[in-house]
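Each chain, written out:
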Amino acid sequence: MPHSHRVRSGEPLILIVGGGIGGLAFALAARQMGLEVMIWERAPELREVGAGLLLTGNALAVVKRLGLSEAVAEAGRSVRTWEILNRAGNVLQTFSTPSKTPFSLSIARSAFQRSLRSLLPDDVVWLDREVVALDPVSEHGRISVRSAHGEVCAADFVVGADGGRSRVRSALFGDSPQNVCGYVGWRALVDHVPEEWRDGRITESWGEGCRFGIAPVSDTRSYWYATENVPPRWTLPPENYRAHLLKRFGHWHAPIAEMIEATPSERILLNDIADHPRLPSWHRGSAGLLGDAAHLMTPNLGQGAAMALEDAWVLACCVERFGCSEAAWRAFERQRRHRVTGIVWLSHLVGRAIQLENVWLGRLRDAALRCTPDALGRLALSPVFDFRV
């Protein structure tokens, strides 16, 4: 029989749907500000998914305010140089930092998630709680949220941080198809770090309609990823993943074939690359969205996790100021919408340039990169990486 789940301590209850990066970060920020939170995560356990991620300077600014800089630096690898190469391994563009401050930090997603989770009490995160219904206009101004097992939570404020296929988004705004971009993404973690990548270097190599990236995430593990253009509804049996990738990328520069060969097919993830149609609003009443649930973006700028972290911090500040109310969501959208919309658009545009299949247009793109001074490239991206908390 369904039962009500509500923990009251005299403070309004915030229910966070989703125990990923955005949800955990918001919970930490909100608790720092004295707010009462509870997380419902659909998975029965927090498993290693998503391979690796890059935390650029804007993400690290939030990490610092959450009190996680030391733990995250220990779990990941400082990145001082990010190189764009061609398929032969020749450098097209370099982003680097001359100071002691790392350009960014490369880390396994699961390690970062564990770092966030470690600062939250056990009774905050509730696993195996898949949301199936949400009533944003329930009595007493609360929101009734029901799980697949029948639990009902009466919350004062609901944060949908449940990813690109968000149940909260669907409940608030109805189902809408994602914008599939015409290419897929491959990802994996491998127990190997190439010798020339041990000095704080990560690389992304571009070809015609495809690319391959390598980023060490610890002293012994690397994250690699690849993209390739595919026709609509393209599929491939999982047992053929590695053989397909070796055929596609095995003749590229070293150590790409070596990285693929070291990865069992069952450890390779395959996903369509997509973003969301723009919503006119990210909230209804005192229920709303952050991170991928609100503004799913392509991975071409490495900003998915960073935008979720920024969202989490800004929303917590808005709730601290305006309380668990629609006013907090309105303030959050005023601060975030312009920045996020621009980055979603830029990431989509960069992806179109990277995925060019025409050989001559690809050569023109590569020549333009070679002719662009590194300092100018850093300046062009500085608005993306600049975020003050």
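Note that this is a predicted model, so its numbers are computed, not measured.

### What to know about the sheet that holds strand β20 (residues 287–289)
- Overall, mixed pairing links the 6 strands, which are arranged β9-β3-β2-β13-β20-β19 in an open sheet. Each edge of the sheet is formed by a strand with only one pairing partner; in this case those strands are β9 (125–126) and β19 (283–284).
- For β19 and β20, the ladder comprises 2 bridges, and the chain directions are antiparallel. By the bridge assignment, His-283 is partnered in β20 with Gly-288.
- Helix-sheet contacts for helix α1 (residues 21–32) involve β2 (13–17), β3 (36–40), β9 and β13 (157–160), and the interaxial angle to β3 is about 165°.

### Side note on the sheet that holds strand β4 (residues 52–56)
- Read from one edge of the open sheet, 3 strands run β4-β8-β5, paired in antiparallel fashion. Edge strands, defined here as strands with exactly one partner in the open sheet, are β4 and β5 (77–79). Between one strand axis and the next, the sheet turns by 30° as a mean value, whatever way the strands run.
- In terms of strand pairing, β5 meets strand β8 (residues 104–108) through 3 bridges, oriented antiparallel. When the sheet's bridge partners are listed, Val-79 is paired in β8 with Ser-104.
- Along the sheet, helix α4 (residues 109–118) contacts β4 and β8; its crossing angle with β8, the most-contacted strand, is approximately 95°.

### A closer look at the pattern of salt bridges
- On inspection of all chains with the given rule, the structure shows 18 salt bridges.
- The residue Glu-195 makes a salt bridge to Arg-198 at a minimum N-O spacing of 3.6 Å.
- Classification of Glu-195 by relative accessible area gives exposed; the value is 63%.
- For Arg-198, a relative accessible area of 39% corresponds to the partly exposed category.
- The salt bridge partner of Glu-204 is Arg-211, with a shortest N-O separation of 3.7 Å.

The rules we used
- Residues numbered from 1 in each chain as written.
- Predicted model: local features only at pLDDT ≥ 70, side-chain atom pairs only at ≥ 80, totals over all residues.
- Heavy atoms only, no water.
- Pairing = 2+ DSSP bridges.
- Helix = DSSP H or I, 4+ residues; strand = E, 2+ residues; numbered from the N terminus.
- Contact = heavy atoms within 4.5 Å.
- Axes fitted to C-alpha atoms, helices over the stretch in contact; angles between N-to-C directions.
- Salt bridge = Lys/Arg side-chain N within 4 Å of Asp/Glu carboxyl O.
- Buried < 20%, exposed > 50% of the residue type's maximum accessible area, 1.4 Å probe, protein only.

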